[in-house]
Structure formats: structure tokens, C-alpha cells
Amino acid sequence: MTQLAVILLGSNLDNRQLLLSEARKNLATRGEIAQASAIYETAAWGKMDQPAFLNQVITLETKEEPEELITFFLQLENKLGRKRSEPWAARTIDIDLLFLGNTIFQSEKVTIPHPRITDRRFTLVPLCEVLPYFQHPVLHKTMKELLMDCTDPLPVKKTKLR
């Protein structure tokens, strides 16, 4: 059965735009990219003494299961040069599974919906661009409502990049 995977891409090292593009190309091997938000530049969240991020939300129509997707994401991050040193450290690429349709799922590898969506303006702004009325399957609020409730003060600026 095909489901809509909602994915957040982020990069704040090396050629950020190229890394987002490479991530999209590789993700397209796992299904069809249905939508892609604009690319946004955002201050680093959590560990602020690092370069700004480029972030983008894409939706992928896929038949993959949650753990298959996460395994692929981790392999792709590794392929694109991500080194895991400490939480919220600078990275070449970050690929987060935000939603998989209305699936509610938890394992050692992944929690769906992503548990920190509501805290992060850099996630909610591009999410609202592509799925403003999508309802969070646990909180029963739309992405627009979650953005209005978000207390994250960090700026999120739309770029002209693609």
C-alpha cells in the first residue's frame, strides 16, 4: 500500500544546496516525490554556535515501511558524508521522517510522528507550505495550527534556491 512520507531535509555544512538536491535524487529511488517546499535558511536549533541550515520538506509516495525508510535514510546520510559526533552538531545532511500517512509507530529506530515537530519553526514553516491542513494524527491539530502555537523564536527565511 502506498503511503505519503513527509520528510524534512537539512544541511549546514559543505555545499548545502547540492546536498539537498542529492538527497532528493536518492529519495526518489524509494518512491515518487509528490511535493517539495521552497528551501528555507534557518539558524541552528539546539546548538547555536554553527552555520545556518538550509531546510526543505518533501513528500514521497512510497510503499516502504517505517523501519525500512529510516534504515535507508541513515545509509543515505552516511553516503552524503554525515558524521555523528554529538546531538545537534553541524552536519552535511539530516533526513527526518516527520509523518508516514496517519501512521503512529514507535520502535528503537524511529518514532512517527516525529516527536519534536511542534517545537521547531524550521520544520513547521515548510510543512505549512506543502501540507497546511494535514492533521497531526496524535495531536489532532493542523500544521497551520501547530505553527501558530509554536514558541520557537528562531527566524525561518525563504530562499530563492531550488
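The structure we're discussing is the one just above.
To keep things clear, this report deals only with the structure shown in the data block. Remember, predicted model here, so these are calculated numbers, not experimental data.

Scanning the chain from N- to C-terminus turns up four helices and eight strands. Helices and strands in the chain line up, N terminus first, as β-α-β-β-β-α-β-β-β-α-α-β. Against the 2.2 N^0.38 benchmark of 15 Å for 162 residues, the chain shows a C-alpha radius of gyration of 15 Å, consistent with a compact globule. Along the longest, intermediate and shortest principal axes, the C-alpha atoms of the chain span 40 × 35 × 30 Å. For the chain, buried positions account for 50% of its 162 residues. Within the chain, contacts between residues separated by at least 24 positions form 70% of all contacts whose residues are at least 6 apart in sequence. Accessible area for the chain stands at about 8300 Å²; split by element, carbon and sulfur atoms hold 52% of it. One finds the centroid of the 21 positive side-chain charges in the chain at a distance of 5 Å from the centroid of its 20 negative side-chain charges.

Looking now at the pattern of salt bridges. Inspection of the entire model under this criterion finds seven salt bridges. Ionic pairing is found between Lys-25 and Glu-22, a salt bridge with its closest N-O pair at 3.4 Å. Residue Lys-25 and its partner Glu-22 are both found in helix 1 (residues 16–27); the two are separated by three residues, about one turn of the helix. Look at Glu-22 and you get partly exposed, because its relative accessible area is 26%. Of the charged contacts in the structure, one is a salt bridge between Asp-94 and Arg-82, with a shortest N-O distance of 2.7 Å. With Asp-94 in strand 5 (residues 94–100) and Arg-82 in the loop between helix 2 (66–79) and strand 5, this pair connects stretches of sequence that are 12 residues apart. Assessed through its relative accessible area of 14%, Asp-94 is described here as buried. Several salt bridges converge on common partners, so that one network encompasses Glu-77, Arg-82, Arg-91 and Asp-94.

To continue, consider the packing of aromatic side chains. Applying the stated criterion across every chain yields a total of one aromatic pair. Ring geometry for Phe-99 against Phe-134: centres 4.8 Å apart, planes inclined by 65 degrees, an arrangement best described as edge-to-face. Here Phe-99, found in strand 5, pairs with Phe-134, found in the loop between helix 3 (121–130) and helix 4 (143–149); they are 35 residues apart in sequence, far enough to count as distant. The same class applies to Phe-99 and to Phe-134, which are both buried.

Turning our eyes to something else, we now look at helix 2. The end-to-end C-alpha separation of helix 2 is 20 Å, in line with the 20 Å expected for 14 residues at 1.5 Å each. Taken together, the buried positions of helix 2 are Pro-66, Leu-69, Ile-70, Phe-72, Phe-73, Leu-76 and Glu-77. Around the axis of helix 2, the buried residues are gathered within 160 degrees of arc, so they sit on the same side. More than 90 degrees from the buried face of helix 2, the exposed residues found are Asn-78 and Lys-79. Backbone geometry just downstream of helix 2 places Gly-81 in the positive-phi region, at approximately 90 degrees.

In this fold, Asp-96 is placed in strand 5. Here Asp-96 sits buried without a salt bridge, and the closest side chain of opposite charge, Arg-120, lies 4.4 Å off (N-O distance). When residues no more than four places from it in sequence are discounted, the contact partners of Asp-96 are Val-6, Ile-7, Leu-8, Phe-73, His-114 and Arg-120.

Quick look at a nonpolar patch on the surface now. On the surface, a cluster of nonpolar side chains totalling about 270 Å² of accessible area is made up of Ile-104, Val-138 and Leu-139. Within the secondary structure, Val-138 is located in the loop between helix 3 and helix 4.

About the thresholds
- Residues numbered from 1 in each chain as written.
- Predicted model: local features only at pLDDT ≥ 70, side-chain atom pairs only at ≥ 80, totals over all residues.
- Heavy atoms only, no water.
- Helix = DSSP H or I, 4+ residues; strand = E, 2+ residues; numbered from the N terminus.
- Rg over C-alpha atoms; globule rule 2.2 N^0.38 Å.
- Buried < 20%, exposed > 50% of the residue type's maximum accessible area, 1.4 Å probe, protein only.
- Contact = heavy atoms within 4.5 Å.
- Areas by Shrake-Rupley, 256 points an atom, 1.4 Å probe, with all protein chains shown as cover.
- Lys, Arg positive; Asp, Glu negative; His and termini not counted.
- Charge placed at Lys NZ, Arg CZ, Asp CG, Glu CD.
- Salt bridge = Lys/Arg side-chain N within 4 Å of Asp/Glu carboxyl O.
- Phe/Tyr/Trp six-rings, centres within 6.5 Å; stacked < 30°, edge-to-face > 60°.
- Expected span 1.5 Å × (residues − 1).
- Arc of directions from axis to C-beta.
- Patch = residues over 30% accessible without salt bridge, like charges linked within 9 Å, V, L, I, M, F, W, Y side chains within 5 Å.

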